[in-house]
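Spelled out from the first residue to the last, the chains are:
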Amino acid sequence: MIQRIQTVYFLVIAVLATLTFFLPVANLYDSVNAFLYKLSYVGMELVNGKESVVLNNLNTWSLKIISGLIPLIAFTTIFLFKKRVLQIRISFINMILMFGYYAILFICLIQGANSMEAEWSLNVPAAFPLVCVVLNWLAIRAIGKDEALVKSLNRLR
């Protein structure tokens, strides 16, 4: 049933994960050279006034792939409403990807901070996958309740 609460949860997950993909999630500040680097979907950017230069010294392709898959999976999960067990399984896979996003994000930040001798800080969009994890868990619970309701109605017939 597409008009259930889990549809709203999955839509919010898709929107937040898309925002996470496009907004810079972390900053690295090199205090020696006074450079500011931003980590976003394009990779590590050196920001100087009005210009920004993309640096290729930090390999962030895995971060791009995972942050692109999360909203795609969340949006396609909405249309699996007739297959509730499959919907739950795909939601668990999406939740694992969200935790993997954080693991890869911190690996990228630590490698970048060590190679550039910089200090890193997280921006607000870095918290969006954590909110998505909570919403995904709520969606899984709602799907489970729907599945239990359908099974109980089948027993009465």
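All of the points below concern the structure found in this document.

**A short note on helix H2 (residues 61–78)**
Relative to the 26 Å expected for 18 residues at 1.5 Å per residue, H2 spans 27 Å between its end C-alpha atoms, a close match to the ideal helical length. Here H2 has its buried residues at Leu63, Ile66, Ser67, Ile70, Pro71, Ile73, Ala74, Thr77 and Ile78. Buried residues of H2, viewed axially, fall in a sector of 160°; they line one side. Buried-residue contacts for H2 involve helix H1 (5–22), strand E2 (35–40) and helix H3 (84–116).

**Some thoughts on H3**
For H3, spanning 33 residues, the distance from its first C-alpha to its last is 47 Å, which sits close to the expected 48 Å at 1.5 Å a residue. Trailing H3 by a residue or two, glutamate 117 shows a phi angle of about 50°, which is positive.

**Things to note about the side chain of threonine 20**
In this structure, threonine 20 sits in helix H1. Excluding residues within four positions of it along the chain, threonine 20 makes contact with Val25, Tyr101, Pro125, Phe128 and Pro129.

**Here we look at a nonpolar patch on the surface**
Where nonpolar side chains cluster on the molecular surface, the patch consists of Trp61, Ile65, Leu69 and Leu72 and spans about 390 Å² of accessible area. Tracing the chain through its elements places tryptophan 61 in helix H2.

**What about empty space enclosed by the protein?**
Under the defined criterion, the tally for this structure stands at 2 cavities of 30 Å³ or more. Considering only enclosed or pocket space, the largest cavity measures out at about 70 Å³ in volume. As for the largest cavity, its lining consists of Thr20, Phe21, Leu23, Val25, Leu39, Ser40, Tyr41, Thr60, Leu63, Lys64, Ser67 and Tyr101. Elements represented by at least two residues in the lining of the largest cavity include exactly H1, E2 and H2. Sorting elements by how many residues they give to the lining of the largest cavity places H2 first, with 3 residues. Estimates place the volume of the second largest cavity at around 60 Å³. Taken together, Ala17, Thr20, Ser67, Ile70, Met98, Tyr101, Phe128, Pro129 and Cys132 make up the full set of residues lining the second largest cavity. With 3 residues, helix H4 (residues 128–156) is the single largest residue contributor to the lining of the second largest cavity. Here the residues of the lining of the second largest cavity sort into 7 nonpolar, 2 polar and no charged.

**Focus on the pattern of salt bridges**
Throughout the structure, instances matching the rule amount to 2 salt bridges. As a salt-bridge pair, aspartate 146 and arginine 4 come within 2.9 Å of each other at their nearest N and O atoms. Placement of the pair is aspartate 146 in helix H4 and arginine 4 in the segment before H1, with a sequence separation of 142 residues. The class of arginine 4 is partly exposed, set by a relative accessible area of 33%.

**Looking at the environment of asparagine 48**
Its place among the elements puts asparagine 48 in strand E3 (residues 43–48). Between the C-alpha atoms of asparagine 48 and tyrosine 9, which are 39 residues apart in sequence, the distance is 39 Å.

**Re the nonpolar core**
Where a protein is soluble and globular, its nonpolar side chains tend to be buried together. Judged by nonpolar contacts, the single largest core of 40 residues is most densely connected at Ile13, Val25, Leu28, Leu39, Ile70, Tyr101 and Leu105. Every element with two or more residues in this core is listed here: H1, strand E1 (26–30), E2, E3, H2, H3 and H4. Per-element tally for this core: the top contributor is H3, with 12 residues. Leaving out residues up to four positions away in the same chain, isoleucine 13 has contacts with Ala74, Met98, Cys132, Leu135 and Asn136.

Rules behind the numbers
For every chain, the first residue of the written sequence is number 1, and numbering continues from 1 onward in sequence order. Where local features are concerned, this predicted model is filtered to residues with pLDDT of at least 70; where side-chain atom pairs are given and counted, the filter is 80 or more; whole-chain, interface and lining totals use all residues. Side-chain metrics in this entry use all non-hydrogen atoms of the structure; hydrogen atoms and water are not considered. Put simply, DSSP H or I for four residues or longer makes a helix, DSSP E for two residues or longer makes a strand, and each gets a number counted from the N terminus. By this rule, a helix spans an expected 1.5 Å times one less than how many residues it contains. Each residue gets one of three labels from its accessible area relative to the maximum for its type: buried under 20%, exposed over 50%, partly exposed in between, using a 1.4 Å probe on protein chains only. Throughout, the arc means the angular range of directions from the helix axis out to the C-beta atoms. The contact definition used throughout considers only heavy atoms, calling two residues in contact when any of these lie within 4.5 Å. Excluding any residue in a salt bridge, patches collect residues exceeding 30% relative accessible area, merging like charges within 9 Å and nonpolar Val, Leu, Ile, Met, Phe, Trp and Tyr side chains within 5 Å. Surface exposure here means Shrake-Rupley accessible area, sampled with a 1.4 Å probe, where a residue is shielded only by the protein chains that are shown. By definition, a salt bridge exists where a carboxyl oxygen of Asp or Glu is found within 4 Å of a side-chain nitrogen of Lys or Arg. A 1.4 Å probe that fits into a set of points on a 1 Å grid over the protein atoms alone but cannot get out defines a cavity; an open set with protein on both sides within 12 Å along at least five of seven lines defines a pocket, and lining residues are those with an atom within 4 Å of a point. Grid points are joined across faces, edges and corners, and a volume is the space filled by probe spheres set on the points. Polarity classes work like this: nonpolar for Ala, Val, Leu, Ile, Met, Phe, Trp, Tyr, Cys and Pro, charged for Asp, Glu, Lys and Arg, and polar for all others, with Gly in that last group. We call a set of buried residues a nonpolar core when its members are Ala, Val, Leu, Ile, Met, Phe, Trp, Tyr or Cys and they connect through side-chain atoms within 4.5 Å of each other.

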